[in-house]
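Structural characterization, general
Residue strings, one per chain:
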Amino acid sequence: MSSQALPQQADTVIIGAGAVGCSVAYHLSELGASDVVVVDQGPLPVAGGSSTHAPGIMFQTSPSKIQTKAAYYSSRLFSDAGVYDEVGGIEVGRSEDRMDFLQRRVEWATSYGLPEPQLLDPEQVSDHLPMVNEDEILGGYYSPSDGRVDGIGALQWYMENSSADFVGHTSVTDMDVTGGQVRAVETDQGRIECDRCVLATNNWGYQTGQMAGVDLPIAPVEHQYLVTEPLDELADASTNVANHTTGLDVPGDRSIAEYMSEGPHRPVGRDQDNSLYFRTHGNALGMGSYNHESLSVDPDAMGGNTEQRQASVRDFTAEHWDRPTHRNRDKSANQAFNELLPVSQDAEYAAQENGIFVFTPDGMPAIGETAEVSGLWSALAIWWTHSAGYGRILAEWMETGTPRLPSGPVDTGGIHVNRFPPHAGEKEFFIDRGAKRYQQVYSIVEPRWQPEEHRKMRVSPFYDRQADLGAEFYQSGGWEVPQYYESNADLADRYEDEIPDQQGWQGVNRSPIEGAEHLHTRDKVSMFDMTTFSSIIVEGDGAADFLQRMCSNDIDMNPGDVRYSLLLNEGAGILADITVVKLAAAEFMVTTGGGNSPGIHGSWLEEHAPETVSVTVEESAKSTIGLWGPKSRLLLQRLTDADVSNSGFPYFTAKQIHVGEVPVIALRVSYVGELGWELWAPSEYGRRLWTTLEETGSDLDVRPMGGGALSSMRLEKGYRLWGTDIDTDANPYEAGLPFAVDTDTDFIGRDALVEAKEAGIDNRATPLTLDDSTDIMLGGRPVMADGKAIGYVQDGDFGYSTGESIVYTYLPDKYANAGTAVQIQCEGETYDATVRDEPLFDRERNKIIR
């Protein structure tokens, strides 16, 4: 409901009454939340954000499962609300590379449950879109449930169907954050005391974050859209332009809101080879372009509405339409449109804009509760396409502790607001990265693509030596992480017969050295840089009880014991897999992965810790080497007085020892399925630790190994990778990790997990191997049986020790038995595969425990 009076208190204040803020309010209402207030600086429903200047086109298919799922939920909700034109969507291909990409679209859509995805030939495209010049295209991808949302209509529907109060013409001026908790929202109309605040401000995301002292990397960027005058070729379509916004307060140019409210009668279209998209607006044609240089907007310069324009609209810049200014495109938007849609060539324009929207550094949304401020929730960098879905996910997260859609829990690792590294909130960095994401938005991005800018920001103490060894560095969480080492090229020759060639898309940015490092580690000994992995020190009175409450496994241990466990949310989704090391009676070291782990997992422990327990996320404080392989014990024993025999240093135990002169916490654990240790040293000792191991082990042929070898080795052993095989969309039983659960203890998520087990586990993590191919399967590709998709590739690699191409997937229980025949679709090919028992390598663990 709309309200003109600003309340003085609310349980939840949502800042921003656009697509996302209204969605969150509606879904909170649906879940029974009361006392919700939504404020916006502009008039309602046309407040001046990107929601009402956007054309509302919804292409649902994405390489990302959560993006696709959120989009499909959104289209279904809008359709049920009567504010969706389900005209279908067609992406045309003007190159062979694009047609290959569109085949990937079909495979992703099949995996994630979109109905009837299909490839079209040029004639079929023009049957749906008669304006398209067949001679300019090779074909297209058709998704029948794509379409367009009526932005103003959807906002009005949300407001009419939500119990929240919506207050316009109210500018937020500050936030009261006291003791790390949001207390109130200050506005030009007064103060609202609150327990929770949701930032749904998109283009103003950085500004509103600053009010709470949080650096949110939200980069506004302009892109172009224009609408022609009525065209003779569309004369058969009716139009209601000039009547859509009657009676509404519309800031700026009313014609933009009018034309955006006019729906299409033909499929919405995209020409990604030229960074273009289009749709009909009744009897007019709308054309959008990313085909120009990035036009970044200073996030501090996002102002308010004026009589001349909406706050999220800038003047149309003709030079960016008429000239090719995009660094990766040869043609201007105007030329490319004239070739593809000849009717546009002499058209006059009725409305033009440079509309503003936003990107994060990795191009994904930023949602969830911020680590810095309790009660402050982010719902940013979300487009209309996904807005209803993410509104539902966030509302569920806020109310139940479990992010989910009606179809089930969702994975949040790639969208969590706390996933960004510490430097991501610096303006110059995220504006530049946002500009790069803008350039890439319609580009074909290669597997394992790496940015060229903003490198060497975070390096381990081993970096210089790794560079000397020819490391191919990949970036993870801002860290420079070796994928493989050119110094090991001789190993590729040594193991040449065991390393199959990878052709086509599967082989892009891969090196046979990765396989060689895998095989060498199985035969001898290797050093893996684990500095990006996180250690978290938990200590103080009640530390053991606190960790027992947080961990799914029993951690009643003796000092020196190590235990594998999980962190679960309230719905039993896997927040993290961790290793817990008991150092002393009230002191523990918790280790978890690299990348986004410190921000997500560290903050989870911090926010739940009682006052008597200290949680210290030691990001960058330790430099760590994984020393793995059958000769690792021989090498380590040369350098320490400690007994590292199997009886003296058993598997899954820890000791504080010296390696040469370097003090380390040594854990007898292995992520590659080989004898070995993790050696955790203070960062200042890192260079010496590397040099000591390298020099002492030279006669043992100790080598560095990179992330490529780690990936294939852990798949052979069936070791899970958070964010890839396990996430908040799976519980431990589904993930095949029952050994990490002890339901005799009390932990977060226990009740939900017990309930799930009693209801029956019908989806299980399962290994597959290809029957007659050595090709590597790529993530997101469908696993088929009985003519339908029953799962999709979570991860795939070649098992250089087992000699088979390996896939991990989740399968319904009826298909998860070893020996079951399935098929995998990848790059337009269908591969026969077989379900296998795990682990595929060293089932008896003879190589680890010896």
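Whatever comes next refers back to the structure up there.
Residues numbered from 1 in each chain as written. Predicted model: local features only at pLDDT ≥ 70, side-chain atom pairs only at ≥ 80, totals over all residues. Heavy atoms only, no water.

**Let's talk about the overall build of the protein**
A count of helices and strands for the protein gives 20 helices and 42 strands. The C-alpha radius of gyration computed for the protein amounts to 28 Å, which stays within 12% of the reference 29 Å derived for 850 residues, consistent with globular compactness. Expressed as a percentage of its 850 residues, the buried residues of the protein come to 63%. Long-range contacts, defined here as pairs at least 24 residues apart, represent 73% of the contacts in the protein between residues at least 6 apart. (Helix = DSSP H or I, 4+ residues; strand = E, 2+ residues; numbered from the N terminus. Rg over C-alpha atoms; globule rule 2.2 N^0.38 Å. Buried < 20%, exposed > 50% of the residue type's maximum accessible area, 1.4 Å probe, protein only. Contact = heavy atoms within 4.5 Å.)

**Points about helix α19 (residues 707-717)**
Counting buried positions along α19 yields 10 of 11 residues, so the element is predominantly enclosed. Among the residues making up α19, those that are buried are Gly707, Gly708, Ala709, Leu710, Ser712, Met713, Arg714, Leu715, Glu716 and Lys717. Looking one or two residues past α19, Gly718 carries a phi angle of roughly 75°, positive in sign.

**Details of the packing of aromatic side chains**
Per the stated rule, a full pass over the model turns up 30 aromatic pairs. Ring centres of Tyr206 and Phe430 lie 5.3 Å apart, and the angle between their planes is 50°; this geometry places the pair in the tilted category. Of this pair, Tyr206 sits in helix α6 (residues 205-211) while Phe430 sits in helix α11 (residues 427-440), and the two are 224 residues apart along the sequence. The two residues Tyr206 and Phe430 agree in class, both being buried. Among the aromatic residues, ring-to-ring pairing joins Tyr225, Tyr277, Tyr290, Phe357, Phe359, Trp383, Tyr438 and Tyr442 into one connected group. Taking the ring centre of Trp677 as reference, the NZ or CZ of Arg668 above it sits at 5.7 Å. (Phe/Tyr/Trp six-rings, centres within 6.5 Å; stacked < 30°, edge-to-face > 60°. Lys NZ or Arg CZ within 6 Å of the ring centre and 35° of its normal.)

**A few points about a negative patch on the surface**
Together, Asp493, Glu496, Asp497, Glu498, Asp501 and Asp523 line one region of the surface with negative charge. Relative to the elements of secondary structure, Asp501 occurs in the loop between α13 (489-494) and α14 (512-523). (Patch = residues over 30% accessible without salt bridge, like charges linked within 9 Å, V, L, I, M, F, W, Y side chains within 5 Å. Areas by Shrake-Rupley, 256 points an atom, 1.4 Å probe, with all protein chains shown as cover. Salt bridge = Lys/Arg side-chain N within 4 Å of Asp/Glu carboxyl O. Lys, Arg positive; Asp, Glu negative; His and termini not counted. Charge placed at Lys NZ, Arg CZ, Asp CG, Glu CD.)

**Notes on the pairing of strand β7 (residues 139-143)**
Burial analysis of β7 places 5 of its 5 residues in the buried class, the great majority of the element. Here β7 shows no split at all, with Gly139, Tyr141 and Ser143 on one side and Gly140 and Tyr142 on the other all buried. Summarising the sheet, strand β6 (residues 118-120) and β7 pair through 3 bridges and their orientation is antiparallel. The residue bridging Leu120 from the neighbouring strand is Gly140, located in β7. (Pairing = 2+ DSSP bridges.)

**As for the pattern of salt bridges**
Taken as a whole and judged by the stated rule, the model has 45 salt bridges. Glu399 is the salt-bridge partner of Arg196, the closest N and O atoms lying 2.8 Å from each other. Placement of the pair is Arg196 in strand β12 (residues 190-199) and Glu399 in helix α10 (residues 384-400), with a sequence separation of 203 residues. With a relative accessible area of 31%, Glu399 lands in the partly exposed category. Taking the shortest distance from any N to any O, the salt bridge between Glu396 and Arg392 comes out at 3.1 Å. Placement of both Glu396 and Arg392 in helix α10 is noted, with a separation of 4 residues, approximately one turn of the helix. For the pair shown, Glu396 and Arg392 are each scored as buried.

**Topic: the sheet that holds strand β26 (residues 526-529)**
Overall, mixed pairing links the 6 strands, which are arranged β33-β34-β35-β32-β26-β36 in an open sheet. Sheet topology places β33 (654-659) and β36 (703-705) at the edges, where each strand pairs with a single neighbour. Recorded for the sheet is a direction-independent mean angle of 30° between the axes of neighbouring strands. In this structure, β26 lies alongside strand β32 (residues 622-628), joined through 4 bridges in antiparallel fashion. Across the sheet, the residue bridging to Ser526 is Trp628, located in β32. Together, β26, β32 and β36 form the strand contacts of α14, whose direction differs from that of β36 by roughly 125°. Strands in contact with α19 are β26, β32 and β36; relative to β36, the strand with the most contacts, it is inclined by about 70°. (Axes fitted to C-alpha atoms, helices over the stretch in contact; angles between N-to-C directions.)

**Considerations on the pairing of strand β2 (residues 36-39)**
Within a regular strand, side chains alternate between the sheet's two faces. In β2, alternate side chains face the same way, and those of Val36 and Val38 on one face and Val37 and Val39 on the other are all buried. The pairing of strand β1 (residues 9-15) with β2 spans 4 bridges and is classified as parallel. What sits directly across from Thr12, in β2, is Val36. Assessed by its sense of winding, the connection that carries the chain from β1 through helix α1 (residues 19-30) to β2 is right-handed. Of the strand pairs in this sheet, β2 and strand β9 (residues 165-167) are connected by 3 bridges, and their pairing is parallel. Considered in β9, the bridge of Val37 is made with Asp165. (Right-handed = clockwise from strand over helix to strand, strands pointing away.)

**Concerning the sheet that holds strand β4 (residues 84-85)**
Spatially, β3-β8-β4 is the arrangement adopted by the 3 strands of the open sheet, whose pairing is antiparallel. In this open sheet, the two strands that pair with only one neighbour each are β3 (57-58) and β4. Summarising the sheet, β4 and strand β8 (residues 147-149) pair through 2 bridges and their orientation is antiparallel. Bridge pairing in β8 links Asp85 to Arg148.

**Section: the packing of helix α2 (residues 65-81) against α10**
For the pair α2 and α10, the least separation of the axes is 6 Å and the interaxial angle reads 95°. In terms of axis orientation, α2 runs roughly perpendicular to α10. Residues Ile66, Gln67, Ala70, Ala71, Tyr73, Ser74, Leu77 and Phe78 of α2 lie in contact with α10, whose contacting residues are Trp384, Thr385, His386, Ser387, Ala388, Gly389, Tyr390, Arg392 and Ile393. Looking at the contact of α2 with α10 residue by residue, the classes come out as 10 nonpolar, 6 polar and 1 charged. (Parallel < 35°, antiparallel > 145°, perpendicular 65-115°, else oblique. Nonpolar A, V, L, I, M, F, W, Y, C, P; charged D, E, K, R; others polar.)

**A closer look at the packing of α2 against helix α5 (residues 151-160)**
Two numbers describe how α2 lies on α5: the axes approach to 11 Å, and their chain directions differ by 80°. Overall, the two elements α2 and α5 adopt an arrangement that is roughly perpendicular. The residues of α5 that touch α2, namely those facing Leu77, Phe78 and Ala81, are Ala154, Trp157 and Tyr158.

**Focus on helix α20 (residues 750-759)**
The buried fraction of α20 amounts to 1 of the 10 residues, a small share that puts the element mostly on the outside. One or two residues past the end of α20 sits Gly760, with phi positive at roughly 105°.

**Digging into the nonpolar core**
Of all hydrophobic cores here, the largest spans 47 residues; its most connected members are Ile14, Phe78 and Leu394. Those elements that place two or more of their residues in this core are α1, β2, α2, α5, β21 (376-380) and α10. The biggest single contributor to this core is α10, with 8 residues. Judged by nonpolar contacts, the second largest core, of 32 residues, contains Ile15, Met175, Leu216 and Val358. (Core = buried A, V, L, I, M, F, W, Y, C linked by side-chain atoms within 4.5 Å.)

**Quick look at the state of the cysteines**
Such a bond, covalent and formed between the sulfur atoms of two cysteines, is termed a disulfide. Scanning the model with the defined rule gives 0 disulfides in all. Note on Cys22: no disulfide assigned, nearest cysteine sulfur contributed by Cys197 at a separation of 15 Å. (Disulfide = S-S within 2.5 Å.)

**Digging into unusual backbone geometry**
In this chain, Leu44 is followed by Pro45 through a cis amide linkage whose omega measures 10°. Along the chain, Glu838 connects to Pro839 via a cis peptide bond; the corresponding omega equals 0°. Along the chain, the position of Pro839 falls in the segment after β42 (829-835). For Ala242, which is not glycine, the phi torsion reads 95° and is therefore positive. Mapped onto the elements of the fold, Ala242 is located in the loop between β13 (219-228) and α7 (254-260). With phi around 75°, Ala572 is a residue other than glycine that occupies positive phi space. Considering the arrangement of structural elements, one finds Ala572 in the loop between β28 (562-568) and β29 (574-584). A relative accessible area of 1% places Ala572 in the buried class.

Scope: geometric values only; no functional claims are made or implied.
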